[in-house]
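# Architecture at a glance
If you want the building blocks of each chain, they are given just below.
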Amino acid sequence: MTPTKAIRVWLTPPGPNSWKVVNVIEELGVPYEFVSFKFEHVKSPPFININPNGRVPAIEDPNTDITLWETGAIIQYLISQYDPNKLLHYDTLKEHNLCIQWLSFQISGQGPYFGQCGWFSVLHPEKIPSAIERYQNELKRILGVLETVLASRPADQQWLVGDRITFADLSFVPYNDRVDVLLGVPADKKFESFPHVKAWHEKMIARPAWIKSMEHRARLMDEQGLDWHGLPKGVANIEEFEKSLKQGEE
Ligand SMILES: N[C@@H](CCC(=O)N[C@@H](CS)C(=O)NCC(=O)O)C(=O)O
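Presented here is a report on the structure given in the accompanying data block.

Criteria and cut-off values
- Residue numbering note: each chain is counted from 1, following its sequence as written.
- Thresholds applied to this predicted model are a pLDDT of at least 70 for local features of residues and 80 or more for the giving and counting of side-chain atom pairs; totals over whole chains, interfaces and linings are not thresholded and use all residues.
- Computation of side-chain values covers all heavy atoms of the structure but excludes hydrogens and water.
- To obtain each axis, a line is fitted to C-alpha atoms, and for helices this fit is confined to the stretch in contact; angles are then taken between N-to-C directions over 0 to 180 degrees.
- Think of it this way: any DSSP run of H or I at least four residues long counts as a helix, any run of E at least two long counts as a strand, and we number them from the N terminus.
- Oblique is the label for every angle not falling under 35 degrees (roughly parallel), over 145 degrees (roughly antiparallel), or within 65 to 115 degrees (roughly perpendicular).
- Contact definition: two residues touch when any of their heavy atoms are within 4.5 Å.
- Asp, Glu, Lys and Arg are counted as charged, while Ala, Val, Leu, Ile, Met, Phe, Trp, Tyr, Cys and Pro are counted as nonpolar; the rest, among them Gly, fall into the polar class.
- Any two strands are treated as partners once DSSP identifies two or more bridges connecting them.
- Here, the term right-handed applies to a crossover whose path from the first strand over the helix to the second runs clockwise when the strands point away from the viewer.
- Burial here depends on accessible area, computed with a 1.4 Å probe over protein chains only, as a share of the maximum for the residue type. Under 20% is buried, over 50% is exposed, and the range in between is partly exposed.
- Proximity criterion: a residue is near a molecule or strand once any of its heavy atoms comes within 4 Å of it.
- Polar contact is the term for a pair of N or O atoms within 3.5 Å; when the atoms are in protein, one must be able to donate a hydrogen and the other to accept it, and sequence-neighboring residues count only if both atoms are side-chain atoms.
- To be clear on the numbers: accessible area is Shrake-Rupley with a 1.4 Å probe, and residue cover counts the displayed protein chains and nothing else.

Turning our eyes to something else, we now look at the packing of helix α1 (residues 16-28) against helix α3 (residues 71-82). Closest axis-to-axis distance for the α1/α3 pair is 10 Å, and the angle between their directions is 5°. In terms of their interaxial angle, α1 and α3 are classed as roughly parallel. Taken together, the residues of α3 that come into contact with α1 (itself represented by Asn17, Lys20, Val21, Val24, Ile25 and Leu28) are Thr71, Ile74, Ile75, Leu78, Ile79 and Tyr82. Partitioning the contact of α1 with α3 into residue classes produces nine nonpolar, two polar and one charged.

This is how it looks when you write it as structure tokens:
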């Protein structure tokens, strides 16, 4: 189907999950628009009426009257509806199911563990070494799984499935892009023990779709006066942020 009306993407600009969806939409060349709102409103109307779970992203597609949340479901919908030329998927039995397997690993493995790593390493006001260590180790374990698989592919086919890029590869980009922050290492050291992951990631972030997605992110972050970690400029952690919100209510 060729979409004629813009898909509405509800998001709060900082977090990685929304950019997983925006990147796929950009790759597919589907028209879309942002409904960008503040993270502190994620569990309130109007967004809670779109996603009762109060997590971004969600999409509303006026071409089909479908509202969806959960990135795994959204990506599979976009692919089934708007990738007729198989730019980002295979329809063969084996490759199709392997793509779903990797997407499932992303949403159940990489996403939650990297997310918790970000919480305990960056945002949580109290630094708990055992929690930071657990999630940083889990992050490295997951990178290790990707590394082993990519290293086993022929040199000119280093994608998760088949011999070209799919939505499965793309789904890993936003969280992998933050590994330096999550591990607290310089940007050029983030994939130090994972050379195949590094090469794979660098190929994907050089694509026009990701560059454009990140330009949109920078603009939407700026609109809300947010710093790189997603908190307002000048606010170091969640404790300070909550304090500033309370002061605003007084
Ligand atoms: N499993 C969800 C995760 C979505 C998610 O956790 N989004 C974050 C932003 S990156 C969020 O909305 N968090 C709100 C909260 O923690 O209350 C998906 O894949 O869509």
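What follows deals with the pairing of strand β2 (residues 32-36). Relative to β2, strand β1 (residues 7-11) is paired through five bridges, and the arrangement is parallel. Bridged to Val9 within β2 is Phe34. Each parallel crossover has a hand, and for β1 linked through α1 to β2 it is right-handed.

Cis peptide bonds are those with omega within 30 degrees of zero, and the linkage from Pro45 to Pro46 qualifies with 5°. Tracing the backbone through its elements, the reader meets Pro46 in the loop between β2 and α2 (47-50). A positive phi angle is found at Glu70, which is not glycine, with a value near 80°. Considering the arrangement of structural elements, one finds Glu70 in the loop between β4 (66-69) and α3. The class for Glu70 is partly exposed, based on a relative accessible area of 41%.

Let us now look at the site of the ligand. In the vicinity of the ligand, the contacting residues are Gly15, Pro16, Asn17, Phe39, Val42, Lys43, Gly54, Arg55, Val56, Glu70 and Thr71. Note that an oxygen atom of the ligand is positioned 2.6 Å from one of the side-chain N or O atoms of Lys43. Burial of the ligand by the protein amounts to 81% of the accessible area it has alone, namely 510 Å². Split into classes, the residues belonging to the shell around the ligand amount to four nonpolar, four polar and three charged.

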